[in-house]
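# Structural description and commentary
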Amino acid sequence: MPNPTRHPIVALVGSVRPGSYTVHALRVVLDDLAAREELSVELLDPAEMDLPLPGRAPTPDVQRLQSAVRGATGVILATPEYHGSYSSVIKLLIDNLGYP
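Presented here is an overview of the structure given in this document. (Residues numbered from 1 in each chain as written. Predicted model: local features only at pLDDT ≥ 70, side-chain atom pairs only at ≥ 80, totals over all residues. Heavy atoms only, no water.)

## What about the environment of Gly14?
Inspection of the secondary structure assignment puts Gly14 in the loop between β1 (7-13) and α1 (21-34). Taking the relative accessible area as the measure of exposure, Gly14 reaches 1% and is therefore buried. In this view, Gly14 contacts Ala78, Thr79, Pro80, Ser87, Val89 and Ile90; residues no more than four positions away in its chain are not counted. (Helix = DSSP H or I, 4+ residues; strand = E, 2+ residues; numbered from the N terminus. Buried < 20%, exposed > 50% of the residue type's maximum accessible area, 1.4 Å probe, protein only. Contact = heavy atoms within 4.5 Å.)

## What to know about the pattern of salt bridges
Per the counting criterion, the structure on display carries three salt bridges. Among the salt bridges present, the one from Arg36 reaches Glu38, with a minimum N-O distance of 3.8 Å. Between Arg64 and Asp61 there is a salt bridge; the shortest N-O distance is 4.0 Å. Linking Arg64 with Asp61, this pair stays in helix α2 (residues 60-70), spanning three residues, or about one helical turn. The exposure class of Asp61 is buried, given its relative accessible area of 18%. (Salt bridge = Lys/Arg side-chain N within 4 Å of Asp/Glu carboxyl O.)

## A few points about the nonpolar core
Within the largest apolar cluster, eleven residues are counted, these being Val10, Leu12, Leu44, Met49, Leu51, Val62, Leu65, Ala68, Ala72, Ile90 and Leu93. Residue assignment for this core shows that the elements contributing at least two residues are β1, α2 and α3 (88-95). Broken down by element, this core gets its largest block of residues, three residues, from α2. One finds Ala11, Val13, Leu30 and Leu39 within the second-largest nonpolar core, a separate group that totals nine residues. (Core = buried A, V, L, I, M, F, W, Y, C linked by side-chain atoms within 4.5 Å.)

## Here's the deal with the pairing of strand β2 (residues 39-44)
Looking down a regular strand, the side chains alternate between one sheet face and the other. Two elements, β1 and β2, share six bridges in a ladder whose sense is parallel. Note that in β2 the partner of Ile9 across the bridge is Val41. You can see the chain leave β1, run along α1 and come back into β2, and the turn it takes is right-handed. (Pairing = 2+ DSSP bridges. Right-handed = clockwise from strand over helix to strand, strands pointing away.)

## Let's talk about the sheet that holds strand β3 (residues 74-78)
Two modes of strand pairing occur in sheets, parallel and antiparallel, and in both the strands are linked by backbone hydrogen bonds. Spatially, the three strands line up as an open sheet ordered β2-β1-β3, and their pairing is parallel. Unpaired on one side and paired on the other, β2 and β3 mark the two borders of the sheet. With strand direction ignored, the average angle separating the axes of adjacent strands in the sheet is 20°. Sitting on the sheet, α3 is in contact with β1 and β3, with an inclination near 135° to β1. (Axes fitted to C-alpha atoms, helices over the stretch in contact; angles between N-to-C directions.)

## Topic: a nonpolar patch on the surface
A surface patch of nonpolar side chains, about 240 Å² in accessible area, is lined by Val75, Leu77 and Ile94. Relative to the assigned elements, Leu77 resides in strand β3. (Patch = residues over 30% accessible without salt bridge, like charges linked within 9 Å, V, L, I, M, F, W, Y side chains within 5 Å. Areas by Shrake-Rupley, 256 points an atom, 1.4 Å probe, with all protein chains shown as cover.)

## Observations regarding the side chain of Thr59
One can find Thr59 in the loop between β2 and α2. Accessibility expressed as a relative area gives 12% for Thr59, which makes it buried. A distance of 2.6 Å separates the side chain of Thr59 from the backbone oxygen of Asp50, its partner in a polar contact. (Polar contact = N/O pair within 3.5 Å; in protein donor to acceptor, adjacent residues only side chain to side chain.)

Here is the structure:
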């Protein structure tokens, strides 16, 4: 659980490919942010989560994702580009954030 005296930053990675350059780039950013005393950082990796397709019942990972984003001061979305758009993985993360 994040320290309440620090501003929580949550990072969502839009790639599940092993050795992803997106993850490497995101870790550079998170390492820099983690060095700041006023921030706490958390990386949510969809490769380690059970995220259902839209219309399916939420899993405990969905509740954890929603709670982390709801409590964050800032959210970083990191995704590779696929054919001029974002990845299906980042779309799945966004879909599982719920509405509204």
